Each structure stands twice: as structure tokens, then as C-alpha cells.
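Structural description and commentary
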Amino acid sequence: MYLGYTINGIEDVAEKELKGKKIFSQRVRFSKQKKEYKSINRVIKIIKIFDFKTLNDIVNQINKIKFSFKGSFKVECERTGNHSFRSIDVGISIGKIIREFGYEPNLKNPSNIVFLDIFDNNCIVGMLVKDRICKRDYRVRINNKSINACLAFSLIKIANVKKTESLLDPFCKDGVIPIEAKLLKIKKVFASDYVENNVRNAIVNSKLAKTKIKFEHYDITWLDTKFNKNSIDKVVTNLFISRTDKEPNKLIKEF
């Protein structure tokens, strides 16, 4: 069995993509690996799931595991919640146990990563399969007001945009939403932004993603002149307003 890590609130999208089941917040269990993942950021192969009270409980449970892998290893631990120990304490303790089984540690370039996910009184032990999936290779120009690609993909799925429908993103920023839409084979994708530099960055990212999208630079008030009435089926966008934006209330009202 495998475990996919996603964003809180979009587990249902990940369940459909993985054909799996949410077992904890942000965590979806599934049985078969995929060639690529869209809604999750990390995949581990599950070794053991248990609850605990102390660090000694974790150590005792790990001692019962018969690890089976080839090559060197390192231990990575992510911990959330209030505990009497630190993530580094877990890593050191578990690394020592695995070393005693005859495996060679390599912190810089390991062949295998033993991953411990500790949250509240739960502990999941697994072998890391893939990580940082939301950081798509095509995103070399990233807007600090943008969203990650897993969320962009999920928004398109939540909006139930069909391949035959038209999608518009009038605040495209670095282009992540329209690019993810094109990668989903949605034919009619339109994108624009009122910041010219955003359009330039989106064009660069789109070329790297090998998606053909016409990004345009114009103010939101021009939408009525750009599209005929009822010509757009779905609008999916990230209307992020910061302190540096001029007249934010006016911008929202116009949209």
C-alpha cells in the first residue's frame, strides 16, 4: 500500500485521482502507483502505521520492523503536534536501529529514504517514493502571489471543467492554472493578467510545459470586449490581492 500527501481540504480530489481512501487529514491511502501525480506532493510506500505516547514507543515499534532494501539510507522525519522530543531525536534514534540491521547510512546521497510521519499520537513509517511533486519542472518563473500546481489542478477538477468546455483565468500570474488546464487536454484555455511582467513569466512557463496558450496583457475591464456573452463556460482564477495592489476594492468589484 502507498500513501499520498495532499493539501488540507482537497483530499476528495486526491481520492479520485489515486482511487484511494483518506485515512487522515491530508493523507490518502492507495494500492497502485501511477506514472504521474497531479494532486499530491509526496508518495511513500507504507511499512507500518501505529499510535504512540513516547519516543520509546516509536523506537520499540521500529525495532519490530524487518527492513528490506538495497543500498544506503537516511532517515527523514516530519513532525507536527506537541511532543516531548524533536524530529532530529527521532531521526538519530531510528537511524541507529537501521544501522544495527547492517544498512549503511548516507546523508548526502542515499539510495533509500526511510520516512517517518509523526502527527499528534500517530506515526507512519514508509519508504519515500516521490517528493515535491507540486513543484512542477515547468515553473521556473514563480509569482509569489501564485498557488502551487497541485492546488491549481484540484481547482480545475472541483470546477468540473470538461475537455470540450472553455476556461478563462483573468488573473493568471505565472500561468499555473491555464497550464495545468492545458495539460488536462482542455482545448479552449484563455489567460490574461493586468501585470505585464506576469504575462511574460507565464509565457516562459507555458513554453517549458509545451502547452500552447495565448497569454494577453489587459485590464479586467476589457473582458466584456474580448469575449462574447456566454462564450466562456468556466472561470478558474486566483484573485489574490496584496497591499501593493492599487485600488483593490475596485479591482474586485470590476471582476
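Heads up: these notes are all about the structure in this document. (Residues numbered from 1 in each chain as written. Predicted model: local features only at pLDDT ≥ 70, side-chain atom pairs only at ≥ 80, totals over all residues. Heavy atoms only, no water.)

**Some words on the pairing of strand 5 (residues 73-80)**
The pairing of strand 5 with strand 6 (residues 112-119) spans 8 bridges and is classified as parallel. By the bridge assignment for strand 6, E76 is matched with F115. In the classification by handedness, the crossover that spans strand 5, the intervening helix 3 (residues 87-100) and the parallel strand 6 is left-handed. (Pairing = 2+ DSSP bridges. Helix = DSSP H or I, 4+ residues; strand = E, 2+ residues; numbered from the N terminus. Right-handed = clockwise from strand over helix to strand, strands pointing away.)

**Here's the deal with the packing of aromatic side chains**
One pass over the structure, following the stated rule, counts 12 aromatic pairs. Plain terms: the ring middles of F69 and Y103 are 4.0 Å apart, the flat faces sit at 25° to each other, and that makes the pair stacked. Remark: Y103 occurs in the loop between helix 3 and strand 6 and F69 occurs in the loop between helix 2 (55-63) and strand 5; sequence separation between them is 34 residues. For the pair shown, F69 and Y103 are each scored as buried. Every member of this aromatic cluster is reached through a ring pair, and the members are F67, F69, F73, F101 and Y103. Between the NZ or CZ atom of R42 and the centre of the ring of Y5, over which it lies, the distance is 5.4 Å. (Phe/Tyr/Trp six-rings, centres within 6.5 Å; stacked < 30°, edge-to-face > 60°. Buried < 20%, exposed > 50% of the residue type's maximum accessible area, 1.4 Å probe, protein only. Lys NZ or Arg CZ within 6 Å of the ring centre and 35° of its normal.)

**Digging into the sheet that holds strand 6**
If you trace the 7 strands from one edge of the open sheet to the other, you get 2-3-1-4-7-6-5, paired in mixed fashion. Whereas interior strands pair on both sides, the edge strands pair on one side only; in this sheet they are strand 2 (21-24) and strand 5. Each strand of the sheet is rotated relative to its neighbour by a mean of 35°, with strand direction disregarded. Relative to strand 7 (residues 122-130), strand 4 (residues 42-51) runs antiparallel, the two being bridged by 8 bridges. Its bridge partner lying in strand 7, I46 is registered against G126. In the packing of helix 1 (residues 11-18) onto the sheet, contacts are made with strand 1 (2-5), strand 2 and strand 3 (27-30), and the angle to strand 3 comes to roughly 15°. Docked against the sheet, helix 3 engages strand 5 and strand 6, running at close to 150° with respect to strand 5. (Axes fitted to C-alpha atoms, helices over the stretch in contact; angles between N-to-C directions. Contact = heavy atoms within 4.5 Å.)

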